[in-house]
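A structural walkthrough
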Amino acid sequence: MLDAARGLGRRGQDDMRRSATASVAALFPGRSLVLMDSGTSALTTALTRSGSAAGAVRRVALPAYACPDIATAAIGAGLPIVLYDVNPETLAPDETSLDAVLARGVSHVVVTHLYGRLVDVAAIRRKAEAAGAVVIEDAAQWGGGTLGGVRGAAGADWSILSFGRGKGINAGGGGALLTVVPLTDTECNLDEVGLQDSALLFARALATECFAYPAWYGLPAQIPALGLGSTAYHAPRPPRRITGVSAALLTHALHTLEAARSRRASVEQEYLDALRACPTVLCPPLDPRARSGALRMPVLLEPTRARALERLGVVRSYPRTLQDYPEIAAVLAVGRQHMPGADRLAAQLHTLPTHDRVSPANRRAIIAALCDAGTR
């Protein structure tokens, strides 16, 4: 945190950014890399600069169940949105739904990894590119995992990362755009982030680290300025540069990325092994080709039965599908559609904590409570 505090001063900003850029670039050789203030800004820029096949219909396909910030990015890029459904038992795109969207015509498809569970981007690229669409890999929730030996954010020609709360790389904020096309931050015309916003990012990162214990999380979550636990729609704003604070925290976090991922994956496997004995709890299985990023462990539960688990850190994930946000519904190229997979996820998907602050006793209590409260 000391380096991050130095990043609050303007003199240290560029040094921190250069160090962070080098750290991220080492993970993704051969890629152009631009660090920004958020993954949303990175996705907006990817949609704006990636172009599309000649004659493609200028609109973007998004998963109907995801963080609403991906829709913010599409709106900021000026693209109408179409949605495809998500399979609740795999968290991957519903193939029939995605095929139908591609058949109607889109210029871009955003593929989103959830909770460190990596989607087969290569398989989706084959379909999308055959239909003339550019695939953008939303690896905001990558968490350091791989699928078939391919690192998250390395499966598409355009991909984005996020370094905010809950992304496995806590820099208080920030994001990255990765592409095989030569691109610099100067070309992206990024605005500068003010000192006040830098200080807020520092406070948010500190609060996240200090209050990650399940019993304590409610304290910072009640501070509106920190924005913890929020799934509200945010209006688009111009992409900005990453702050020196986030850059310093990012450099530190990347040094411990694999060790942290491995510990979370061990906890995730502990949950999976224990919950096999609880047939009333549905856990989306791990792909045998994957090394999970294991940001959190997803389970499907009835909300009325899950409320008693909140004190243990078992929380409901995104409580609405994207088409349930009025601001997003207003820009859908096709009206409201039947999305049974996304609807089920919005109603039932909860996640279990996997981070270091959750003790073995906490995990045993979570497992016992799930086996008592779970339902398919």
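Look above for the structure.
Report on the accompanying structure.

The rules we used
Residues numbered from 1 in each chain as written. Predicted model: local features only at pLDDT ≥ 70, side-chain atom pairs only at ≥ 80, totals over all residues. Heavy atoms only, no water. Disulfide = S-S within 2.5 Å. Helix = DSSP H or I, 4+ residues; strand = E, 2+ residues; numbered from the N terminus. Buried < 20%, exposed > 50% of the residue type's maximum accessible area, 1.4 Å probe, protein only. Pairing = 2+ DSSP bridges.

1. Here we look at the state of the cysteines
As used in these notes, a disulfide is a covalent bond between sulfur atoms, one from each of two cysteines. Applying the stated criterion across every chain yields a total of one disulfide. Each sulfur in the disulfide pair Cys 278 and Cys 371 lies 1.6 Å from the other. Because the sign of the S-S torsion sets the handedness, a value of about 60 degrees for the bond joining Cys 278 and Cys 371 places this disulfide among the right-handed ones. A residue pair is termed long-range when its members are at least 10 positions apart, and Cys 278 in the loop between helix H10 (257-275) and strand E10 (290-291) and Cys 371 in helix H14 (residues 360-373) qualify at 93 residues. What makes Cys 278 buried here is its relative accessible area of 6%. A disulfide-free cysteine, Cys 283 has its sulfur positioned 8.4 Å from the sulfur of Cys 278, the nearest such atom. The exposure class assigned to Cys 283 is buried, which follows from its relative accessible area of 16%.

2. Focus on the sheet that holds strand E12 (residues 315-316)
Read from one edge to the other, the open sheet built from three strands follows the order E11-E13-E12, with strand pairing classed as antiparallel. Either end of the sheet is taken by a strand with one partner, and the two such strands are strand E11 (296-300) and E12. Sheet analysis places E11 next to strand E13 (residues 349-353), joined by five bridges and oriented antiparallel. The partner of Met 297 across the bridge, within E13, is Leu 352.

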